Amino acid sequence: MQNNDLIGKVVLSKAGRDKDHLYVIVRQINDNYVLLANGDTKLVNMPKKKKIKHLSILEDIDDEILSSIQSCDKSTDLKIKRFLKLRGIVKEG
């Protein structure tokens, strides 16, 4: 997979303390690791590092979030949180 193919995708954690939590990929470090954000506990400027093999990649990708991540928009965390909350994933916080 190319470096930018994963950015903006919604993923489900399959292992670890955060099992069954959903995140959005904000950056790919290398072939094994990505940085994740959920807009609430893990923000874009303090993302979670996780192995790709511990994630289920879902096909949901939002163009607004992708462009926000690429342009380093200040409201990216809010957009990610709202995007995941609309799917009933993130609790009100």
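Residues numbered from 1 in each chain as written. Predicted model: local features only at pLDDT ≥ 70, side-chain atom pairs only at ≥ 80, totals over all residues. Heavy atoms only, no water.

**Q** Just to check I follow, could you spell out the pairing of strand β2 (residues 22-28) for this structure?
**A** Residues in a regular strand point their side chains to alternate faces of the sheet. With respect to burial, β2 is a largely interior element, six of its seven residues being buried. Note that strand β1 (residues 9-13) and β2 share three bridges and pair antiparallel. What sits directly across from Val10, in β2, is Val24. As paired strands, β2 and strand β3 (residues 33-37) are joined by four bridges and run antiparallel to one another. From the neighbouring strand, Ile25 faces β3, where its bridge partner is Leu36. Taken together, β2 and the strand that follows it, β3, pair antiparallel across an intervening segment of four residues. (Buried < 20%, exposed > 50% of the residue type's maximum accessible area, 1.4 Å probe, protein only. Helix = DSSP H or I, 4+ residues; strand = E, 2+ residues; numbered from the N terminus. Pairing = 2+ DSSP bridges.)

**Q** Would you mind showing me how to read the packing of aromatic side chains here?
**A** Pairs of aromatic rings are described using the distance from one ring centre to the other and the angle between the two planes. The final tally for this structure, using the stated rule, is zero aromatic pairs. Lying across the ring of Tyr33, Lys49 places its NZ or CZ 4.6 Å from the centre. (Phe/Tyr/Trp six-rings, centres within 6.5 Å; stacked < 30°, edge-to-face > 60°. Lys NZ or Arg CZ within 6 Å of the ring centre and 35° of its normal.)

**Q** I'm lost on helix α2 (residues 76-86) in this one. Help?
**A** One turn of the α-helix equals 3.6 residues, which is why residues spaced by three or four share an orientation. The set of residues buried in α2 consists of Thr76, Asp77, Ile80, Lys81, Phe83 and Leu84. Looking down the long axis of α2, one finds its buried residues gathered within 160° of arc, a one-sided arrangement. (Arc of directions from axis to C-beta.)

**Q** Would you mind going over the packing of helix α1 (residues 63-70) against α2 with me for this structure?
**A** How two helices sit against one another is set out by the angle between their axes and by the gap between those axes. Relative orientation of the contacting elements α1 and α2 amounts to 155°, with a least axis distance of 9 Å. With respect to α2, the element α1 is oriented roughly antiparallel. Of the two possible hands of crossing, α1 and α2 adopt the one that is left-handed. Counting all contacts with α1, which are made through Glu64, Ile65, Ser68 and Ile69, the residues of α2 involved are Thr76, Lys79, Ile80 and Phe83. In the contact of α1 with α2, the residues fall into four nonpolar, two polar and two charged. (Axes fitted to C-alpha atoms, helices over the stretch in contact; angles between N-to-C directions. Parallel < 35°, antiparallel > 145°, perpendicular 65-115°, else oblique. Left-handed = near helix turned anticlockwise from the far one by under 90°. Contact = heavy atoms within 4.5 Å. Nonpolar A, V, L, I, M, F, W, Y, C, P; charged D, E, K, R; others polar.)

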